[in-house]
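Chain and residue survey
Read off the chains here:
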Amino acid sequence: MAQEQITLYTAKVCPYAQRTEIALAEVGAPFKRYEIDLGNKPEWYAPKVNRASKVPAIAYGGPDVAPENPSPESTKLAESLILVEFIGDLYPSSNIVPADPVLRAKARFFIEIVSTKFSPNFMKFASGNPEGTHAALLAGVDAIQDILSDGAKYAVGDQYTIADIAFTPFWARLNVLAQKGIGAYKDEERKSFLKGLEDPKYAKFNGYVQRLLARPSFKSTFHEDVIEEFFTRRFGLAK
């Protein structure tokens, strides 16, 4: 099954798309990569690949064709978390989807915390939404740290999994924006957030995210210059 061709439709700026790229890098899957300009999507993309017109999406199987001419014989799949698990299922020996049902449930619970407690506050912060305060960001950090196991390297143990893949792109973007002062937030909120992270109580969280950003699969799929340019153009610099 894993020998079928994979074409990934992605965008360097998108944290959801990077999840899928990290998963593919982790399992070592061969694939074709096609960059979608989110501001000027090809006319064929929605009708032939993803009717929601979002990235990431995958064309799986079918004949080996150019990405801009996807075959109707290939299976079209979308939504980042679905794709990450799909890739893990294709390559079970990678263990990014834990074989143990308890660890698999823990990984999915961790993803739920990321999706409800962290990611929404990241976007509110970047866009200058009054609810996107440094306190809200730190509350998200608290929620994640609270479910990290003491002494473990990653979210649900020493094995890197879908849980880590789901979180990393969002943390990486927040880190760049906060360090560089990019975003529509007030600069005092940025400084308060960074100062708050220095509290020794976040030692476990800070060690965890350092390990995430050191993964080769993250480094090879993260385009900091593109992300800086995109968010600066969209939101400007902190005031």
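Scroll up to find the structure this text is about.
Being a predicted model, the structure only gives us computed values, none of them experimental. (Residues numbered from 1 in each chain as written. Predicted model: local features only at pLDDT ≥ 70, side-chain atom pairs only at ≥ 80, totals over all residues. Heavy atoms only, no water.)

**Details of the overall build of the protein**
In terms of helices and strands, the protein carries 10 helices and 4 strands. Each helix and strand of the protein, placed in order from N terminus to C terminus, yields the pattern β-α-β-α-β-β-α-α-α-α-α-α-α-α. What you see for the protein is a C-alpha radius of gyration of 18 Å, in line with the 18 Å of a compact globule of 239 residues. With the principal axes as the frame, the protein shows a C-alpha extent of 55 × 40 × 25 Å. By the burial criterion, 51% of the 239 residues in the protein qualify as buried. (Helix = DSSP H or I, 4+ residues; strand = E, 2+ residues; numbered from the N terminus. Rg over C-alpha atoms; globule rule 2.2 N^0.38 Å. Buried < 20%, exposed > 50% of the residue type's maximum accessible area, 1.4 Å probe, protein only.)

**Overview of the sheet that holds strand β3 (residues 57–60)**
Read across the open sheet, the 4 strands follow the order β2-β1-β3-β4; overall the sheet is mixed. The sheet is open, and its two edges are formed by β2 (32–35) and β4 (75–78), each paired on a single side. The average undirected angle you get between the axes of adjacent strands in this sheet is 20°. Sheet topology places strand β1 (residues 6–10) next to β3; 4 bridges connect them, and they run antiparallel. If you follow Leu8 over to β3, its bridge partner there is Ile58. Against the sheet, helix α1 (residues 15–27) makes contact with β1, β2 and β3, and its axis sits at roughly 150° relative to β1, the strand it touches most. (Pairing = 2+ DSSP bridges. Axes fitted to C-alpha atoms, helices over the stretch in contact; angles between N-to-C directions. Contact = heavy atoms within 4.5 Å.)

**Side note on the packing of aromatic side chains**
What the rule picks out here adds up to 24 aromatic pairs. When the ring of Tyr9 is compared with that of Tyr45, the centres are 5.7 Å apart and the planes differ by 55°; the resulting orientation is tilted. With Tyr9 in strand β1 and Tyr45 in helix α2 (residues 45–48), this pair connects stretches of sequence that are 36 residues apart. Geometrically, the ring pair formed by Phe167 and Phe205 is edge-to-face, given 6.2 Å between the ring centres and 65° between the ring planes. (Phe/Tyr/Trp six-rings, centres within 6.5 Å; stacked < 30°, edge-to-face > 60°.)

**Examining the side chain of Thr168**
With respect to the element layout, Thr168 can be found in helix α6 (residues 162–180). Using a relative accessible area of 1% as the deciding quantity, one classes Thr168 as buried. If we ignore the near neighbours within four places in the chain, the residues touching Thr168 are Ile22, Tyr160, Leu212, Leu213 and Phe218.

**Digging into the packing of α6 against helix α7 (residues 187–197)**
Look at α6 against α7: their axes get within 10 Å of each other, and the N-to-C directions meet at 120°. The angle between α6 and α7 places the two elements in the oblique class. α6 and α7 meet at a crossing whose hand is left-handed. Here Trp171, Leu174, Leu177, Ala178 and Gln179 of α6 come into contact with α7, specifically with Arg190, Phe193, Leu194 and Leu197. Each residue belonging to the contact of α6 with α7 can be placed in one class, and the counts come to 7 nonpolar, 1 polar and 1 charged. (Parallel < 35°, antiparallel > 145°, perpendicular 65-115°, else oblique. Left-handed = near helix turned anticlockwise from the far one by under 90°. Nonpolar A, V, L, I, M, F, W, Y, C, P; charged D, E, K, R; others polar.)

**Some points on unusual backbone geometry**
In this chain, Val55 is followed by Pro56 through a cis amide linkage whose omega measures 5°. Inspection of the secondary structure puts Pro56 in the loop between α2 and β3. In this structure, Ser53 is a non-glycine residue whose phi angle is positive, near 60°. Along the polypeptide, Ser53 turns up in the loop between α2 and β3.

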